[in-house]
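Coordinates in review
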Amino acid sequence: MRGVLSLLVVAMLVLSMGVVPGVTAATSTTAEYSSVVILVSDNEADVTLAEKIAEVLNASVVVTKWGVYEENVTAEITSLDPDLVIIIGGPRAVVKAYEEDLEALGITYIRAWGNTRVETAVDAVNKISQMFPGFEKKVRVAIVHGWDLAGIIHLRGKKFMIPIFIKDSNVSITIINKFNGVEIIKNRQHEKIMEKIKEKIPRESEKCNRRSY
């Protein structure tokens, strides 16, 4: 049962580290965190987003099954001794039971999410930018169709590149302009959409990848 292991983990942490339960969601935009864990479901888009953000923040990524509570995941998070947990994905993907565990353990957390993987990526970028000023200037942004599995896999091999997922030709130029350049990952199925997006991107910041998948 999840309650048994969770209570044991809480008790062990309190006894060994002196943590006082009750810390909830992070609100500071200037705090510095020395140990960051990103909790994400095994959704291919969200986990790629988490991995790319972790590269920049030097964070650890802990993956849970989509929509499933796993006691060992809470134990793994605790073993990493984080002072901040970033949850990427909505409560259907990363269930609220994890928030309850984090609150009981006194671990500060934030959740970045939206109704789709497109909205989740935007919310994650906005929240990380607020909490870690200058984050965007360390990386480029990759615009990739959110349901282009081959494109998402291709992106995983790109170092220091944060994905912005799209489903149509709508993309926030305000967000794009925050980053140190942009790459458009194209495929044949969504070529027309990507061409429309290409027209919106300032030419001086653009590097267009015309790879077909």
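Residues numbered from 1 in each chain as written. Predicted model: local features only at pLDDT ≥ 70, side-chain atom pairs only at ≥ 80, totals over all residues. Heavy atoms only, no water.

This paragraph deals with the overall build of the protein. When you go through the protein residue by residue, the secondary structure sums to eight helices and eight strands. Within the protein, counting contacts between residues at least 6 apart in sequence, those at least 24 apart form 68% of the total. Working note: accessible area of the protein is about 10400 Å², and carbon and sulfur atoms make up 53% of it. (Helix = DSSP H or I, 4+ residues; strand = E, 2+ residues; numbered from the N terminus. Contact = heavy atoms within 4.5 Å. Areas by Shrake-Rupley, 256 points an atom, 1.4 Å probe, with all protein chains shown as cover.)

Glancing now at the packing of helix α2 (residues 44-57) against helix α6 (residues 149-156). Where α2 meets α6, the axes come as close as 10 Å, and the angle between the chain directions of the two elements is 15 degrees. One element, α2, and the other, α6, form an angle in the roughly parallel class. Crossing of α2 against α6: the hand is left-handed. Here α2 contributes Glu-44, Ala-45, Val-47, Thr-48, Glu-51 and Lys-52 to the contact with α6, which in turn contributes Leu-149, Ile-152, Leu-155 and Arg-156. A class-by-class count of the residues in the contact of α2 with α6 yields five nonpolar, one polar and four charged. (Axes fitted to C-alpha atoms, helices over the stretch in contact; angles between N-to-C directions. Parallel < 35°, antiparallel > 145°, perpendicular 65-115°, else oblique. Left-handed = near helix turned anticlockwise from the far one by under 90°. Nonpolar A, V, L, I, M, F, W, Y, C, P; charged D, E, K, R; others polar.)

On to the environment of Tyr-109, then. With respect to the helices and strands, Tyr-109 occurs in strand β4 (residues 109-112). Residues Tyr-109 and Leu-39, 70 residues apart in the sequence, show an inter-C-alpha distance of 9.8 Å. A polar contact of 3.4 Å, which involves the side chain of Tyr-109, links it to the side chain of Glu-99. (Polar contact = N/O pair within 3.5 Å; in protein donor to acceptor, adjacent residues only side chain to side chain.)

The next subject is the layout of surface pockets. Where empty space is left becomes clear once a probe the size of a water molecule has been rolled over the atoms. There is about 260 Å³ of room inside the largest pocket. Looking at the largest pocket, it is lined by 14 residues, and the ones nearest its centre are Trp-66, Gly-90, Ala-93, Gly-114 and Asn-115. Looking at the lining of the largest pocket, its residues break down into four nonpolar, seven polar and three charged. (1 Å grid on protein atoms, 1.4 Å probe; cavity = no way out; pocket = protein on both sides within 12 Å on 5 of 7 lines; lining within 4 Å. Points joined across faces, edges and corners; volume = space filled by probe spheres on them.)

Below, the discussion takes up the pairing of strand β5 (residues 140-145). For β5, the buried fraction is high: five of the six residues fall into the buried class. One ladder, built from six bridges, connects β5 with strand β6 (residues 161-166); its direction is parallel. Looking at β6, one finds that His-145 is bridged to Ile-166. Between β5 and its parallel partner β6, the chain crosses via α6, and the hand of that crossover is right-handed. Bridge count between β5 and strand β7 (residues 182-185): three bridges; the pairing is parallel. Residue Val-141 lies in a different strand from β7, and its bridge partner there is Val-182. (Buried < 20%, exposed > 50% of the residue type's maximum accessible area, 1.4 Å probe, protein only. Pairing = 2+ DSSP bridges. Right-handed = clockwise from strand over helix to strand, strands pointing away.)

Turning next to the sheet that holds β4. On the basis of which strands lie adjacent, the open sheet formed by four strands has the order β2-β1-β3-β4 and parallel pairing. Each end of this open sheet is capped by a strand with a single partner; those strands are β2 (60-64) and β4. Mean inter-strand twist for the sheet, computed between neighbouring axes without regard to direction, equals 20 degrees. Strand direction decides the pairing type here: strand β1 (residues 36-41) and β2, joined by five bridges, are parallel. Residue pairing across strands places Ser-41 opposite Thr-64, the latter belonging to β2. Running at roughly 145 degrees to β4, helix α5 (residues 117-131) makes contact with β3 (84-88) and β4 of the sheet.

This paragraph deals with the nonpolar core. For soluble globular proteins, the rule of thumb is that nonpolar side chains tend to be buried together. Ile-53, Ile-86, Phe-132, Phe-135 and Ile-162 are the most contacted members of the largest nonpolar core, which totals 48 residues. When residues in this core are grouped by element, the largest group, eight residues, is from α2. Excluding residues that lie within four positions of it along the chain, Phe-132 makes contacts with Tyr-33, Val-36, Leu-57 and Leu-84. Counting 17 residues, the second largest nonpolar core, distinct from the first, contains Val-85, Ile-87, Val-94 and Ile-107. (Core = buried A, V, L, I, M, F, W, Y, C linked by side-chain atoms within 4.5 Å.)

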